Amino acid sequence: MFVMSKEVNTVMKISTIGRHARESIKSLSRNAWMTFASVSAVTVTLILVGVFFVLMMNLNTVAQTVEEDVQIRVHIDVAANKHDQDTLKAALQTIPEVKSVKFSSKEQELKELVKSMGEEGKAFKLFEQDNPLNDVFIVKTKKPTDTMKAASKIEKLNFVAKVKYGQDKVEKLFKFIKASRNVGVVLIIGLFFTAIFLISNTIKITIIARRREIKIMRLVGATNSFIRWPFFLEGLWLGILGSILPIILISIAYYRAFDYVNPKLEGTFIKILPFDPFMYQVAGILLLMGALIGVWGSLMSVRKFLKV
Amino acid sequence: MHNMFVILVRFEEINRKLSNKCYSTIIIWVIIMIEMQEVYKKYPNGVTAINGIDVRINQGEFVYVVGPSGAGKSTFIKMMYREEVPTSGTILMNGVNLAKLKMKKVPLYRRNIGVVFQDYKLLPTLTVYENVAFALEVIEAPQKYIKKRVMEVLDLVGLKHKARMLPNELSGGEQQRVSIARSIVNSPKVVIADEPTGNLDPETTWEIMKIFEEINNRGTTMVMATHNRDIVNTLKRRVIAIEGGKIVRDEQRGEYGYEN
């Protein structure tokens, strides 16, 4: 009997791993132009993906800060006179959670309403004669989580007609952010597959040149996984090499952008992510994506040559 | 089981033949290495390359496969190293049915045979040593063993001193010897050669044949497709002639039988 029962080693020997690594690196330098083409494909993709990712993550934080900036609108009873309003204001200010109280007259409110409705809002101008709106106190709380608590306390006060804390606006913003996030994800996935396609094509060209080698390997009894390993590693190196430039470029760009944008945002509630932990995360993600693209691309192209 | 049965039958046949010739009982152990039963091969393009072949080749035999171009010789050889699969029929290589061999097992099967080609099929970027060691690296043999074994077979083919050279620095005959070294480095039971001397001059051809004879003398079964009538007619061995996908002649110590 031939030695057919001896199964292929599942645990690879260290010398074999070394051989695969050597082979894959040799192949990179032997096909320098193809290496360059593949690495460029990964680089371009990852720059785009990286920029998208950075923008989206910042959009997310902005959304979060906006969420934290919810205000309470206290509608004042129409029956309240100037004096009553002052007492109410004083009462509002004594609530421990409250940070600030701002008065907005019903005329101001109507103007805002007309402005916010645009063309259609002009119809509301008729109400200027007989304004149905209330005067409003705009209350901000010290902590966003206190909003509900403060609102319920305010509701119990005299001359309070209605208490509103604009959930609908926040929800609208979140809808917008969610939509833009979906667009971003679709774009990133699209770019990802384009890069895999590009890589698998460039690697395919190097493999066609090495078809003979694969054929001979098969002839002397190499298993498919043995043949695949150097290509797997080659894809991995390509992906990692391709992610270096995007990581450097995006880091520098973000560093500069942060320095430029951050002082301008001072005083507003909007913040962008600080360089330190964020860029390391981005670098890690780009490296991982590069490796994934490279490996996937090379394994896809080698698959074809392993049949029969 | 199958093998044992056949062995017994052959054993009786031989004894009968021998006793007819008035020899005393001599025990000869015969193991069937290659056996084809009703093998047909039709390619997807409609060409029938093998049209019903039955043949047995015993362990230790040296067999020439001859026949005109396009007669099915190449397919016959290719089926032996499982490059082609028969459309129907059975091919038993030392008991392993190649017609039903699973894809996953093909690499394992190939480790038990050696194949030599007309165009050597060496890797131009590897040295002589690396080309031969390649066949052992692929099966993940220990480095120490690889070193010892590769030098052993390079010595056998007389190329020990050129181990560090690249294939294109060697002559055609030397390259073929490297390829032979690679084919036997796994200690295969069968060596299959497809026109191994097709590209070589007569003098080199004889050097190559001497190596094949040596390999055969050590007990390895040799199957060799050839167009070289001088070899066949001088080194008299079993000759299988294939024409139109069929075996038309099968003789011990046969002649080449064709005009070149």
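Residues numbered from 1 in each chain as written. Chains lettered and ligands numbered in written order. Predicted model: local features only at pLDDT ≥ 70, side-chain atom pairs only at ≥ 80, totals over all residues.

(A) Main features of the overall build of chain A. A count of helices and strands for chain A gives nine helices and four strands. When the elements of chain A are put in sequence order from the N terminus, they spell out α-α-β-α-β-α-β-α-β-α-α-α-α. A separation of at least 24 residues holds for 85% of the contacts in chain A among residues at least 6 apart in sequence. (Helix = DSSP H or I, 4+ residues; strand = E, 2+ residues; numbered from the N terminus. Contact = placed C-beta atoms within 7 Å.)

(B) Focus on the sheet that holds strand S1 (residues 71–76) of chain A. Residue and element names in this part refer to chain A. Reading across from one edge, S2-S3-S1-S4 is the order of the four strands in this open sheet, with antiparallel pairing throughout. The sheet is open, and its two borders are formed by strand S2 (98–104) and strand S4 (160–164), each paired with just one other strand. Pairs of neighbouring strands in the sheet enclose a mean axial angle of 20°, with direction left out of account. With respect to the sheet, helix H3 (residues 82–94) is in contact with S1, S2 and strand S3 (136–141), its orientation differing from that of S2 by roughly 160°. (Pairing = 2+ DSSP bridges. Axes fitted to C-alpha atoms, helices over the stretch in contact; angles between N-to-C directions.)

(C) Representation of helix H6 (residues 172–184) of chain B. All names here are of chain B. Relative to the 18 Å expected for 13 residues at 1.5 Å per residue, H6 spans 19 Å between its end C-alpha atoms, a close match to the ideal helical length. Among the 13 residues in H6, 11 count as buried, and that is most of the element. If you check which residues of H6 are buried, you get Glu174, Gln175, Gln176, Arg177, Val178, Ser179, Ile180, Ala181, Arg182, Ser183 and Ile184. Considering only its buried residues, H6 is in contact with strand S6 (113–117), helix H4 (128–137), helix H5 (143–156), strand S7 (190–194) and helix H7 (202–217). (Expected span 1.5 Å × (residues − 1). Buried ≥ 20, exposed ≤ 12 C-beta atoms within 10 Å, placed from the backbone.)

(D) Here's a closer look at the interface of chain B and chain A. In this assembly, 21 residues from chain B lie in contact with 18 residues from chain A. Counting residues per element, the ones that place at least two in the side of chain B that touches chain A are helix H3 (106–110) and H4 of chain B. Of all the elements, H3(B) adds the most residues to the side of chain B that touches chain A, at four residues. Taken together, the residues of the side of chain B that touches chain A break down into 10 nonpolar, four polar and seven charged. (Nonpolar A, V, L, I, M, F, W, Y, C, P; charged D, E, K, R; others polar.)

(E) A look at the pairing of strand S4 (residues 88–93) of chain B. As defined by bridge partners, strand S1 (residues 32–42) of chain B adjoins S4(B) across five bridges and the pair is classed as antiparallel. Across the sheet, Ile34(B) pairs through a bridge with Met93(B), a residue of S4(B).

(F) Region of the structure containing the environment of Ile17(A). Residues and elements named next belong to chain A. Residue placement: Ile17 occurs in helix H1 (residues 14–30). Assessed through the 12 C-beta atoms surrounding it within 10 Å, Ile17 is described here as exposed. Taking C-alpha positions, Ile17 is 8.6 Å from Trp229, a pair spaced 212 residues apart along the chain.

(G) Representation of the sheet that holds strand S9 (residues 238–243) of chain B in the model. All names here are of chain B. Taken in spatial order, the six strands make up an open sheet running S6-S7-S8-S3-S9-S10, and their pairing is mixed. Among the strands making up the open sheet, the edge pair consists of S6 and strand S10 (246–251). Here the average twist between neighbouring strands, direction ignored, is 15°.

(H) Examining the pairing of S10(B) more closely. Residues and elements named next belong to chain B. Strand direction decides the pairing type here: S9 and S10, joined by five bridges, are antiparallel. Paired with Glu243 across the two strands is Lys246, which belongs to S10. The hairpin formed by S9 and S10 contains two residues between the paired strands, and Gly244 there has a positive phi angle of roughly 55°.

(I) Looking closely at the packing of H1(A) against helix H8 (residues 224–265) of chain A. Residue and element names in this part refer to chain A. Contact geometry for H1 and H8: axes closest at 8 Å, N-to-C directions at 55°. Relative to H8, H1 is oriented oblique. For the crossing formed where H1 meets H8, the hand is right-handed. On the side of H1, the interface is formed by His20, Ala21, Glu23, Ser24, Ile25, Ser27 and Leu28, while H8 contributes Trp229, Pro230, Leu233, Glu234 and Trp237. Grouping the amino acids of the contact of H1 with H8 by side-chain chemistry returns seven nonpolar, three polar and two charged. (Parallel < 35°, antiparallel > 145°, perpendicular 65-115°, else oblique. Left-handed = near helix turned anticlockwise from the far one by under 90°.)

(J) Representation of the confidence of the model for chain A within the structure. Across chain A, the average pLDDT comes to 80, with 88% of residues at 70 or higher. Within the model, the stretch residues 3–10 of chain A combines pLDDT values under 50 with seven contacts to residues more than four positions away or in other chains. (pLDDT = per-residue confidence, 0-100.)

(K) Just the environment of Ala209(A), in detail. Here Ala209(A) is to be found in helix H6 (residues 167–209). Along the sequence, Ala209(A) and Asn31(A) sit 178 residues apart, while their C-alpha atoms lie 9.6 Å from each other.

(L) Quick look at the nonpolar core. One finds Val65(B), Val132(B), Val150(B), Ala181(B), Ile192(B) and Val223(B) to be the most contacted residues of the largest nonpolar core, which totals 96 residues. No other element matches the nine residues that H8(A) contributes to this core. In contact with Val223(B), not counting residues within four places along its chain, are Ile57(B), Val63(B), Val65(B), Met80(B), Val190(B) and Ile192(B). The next biggest cluster of nonpolar side chains, apart from the first, holds 11 residues, and it includes Leu88(A), Phe137(A), Val139(A) and Ile154(A). (Core = buried A, V, L, I, M, F, W, Y, C linked by C-beta atoms within 7 Å.)

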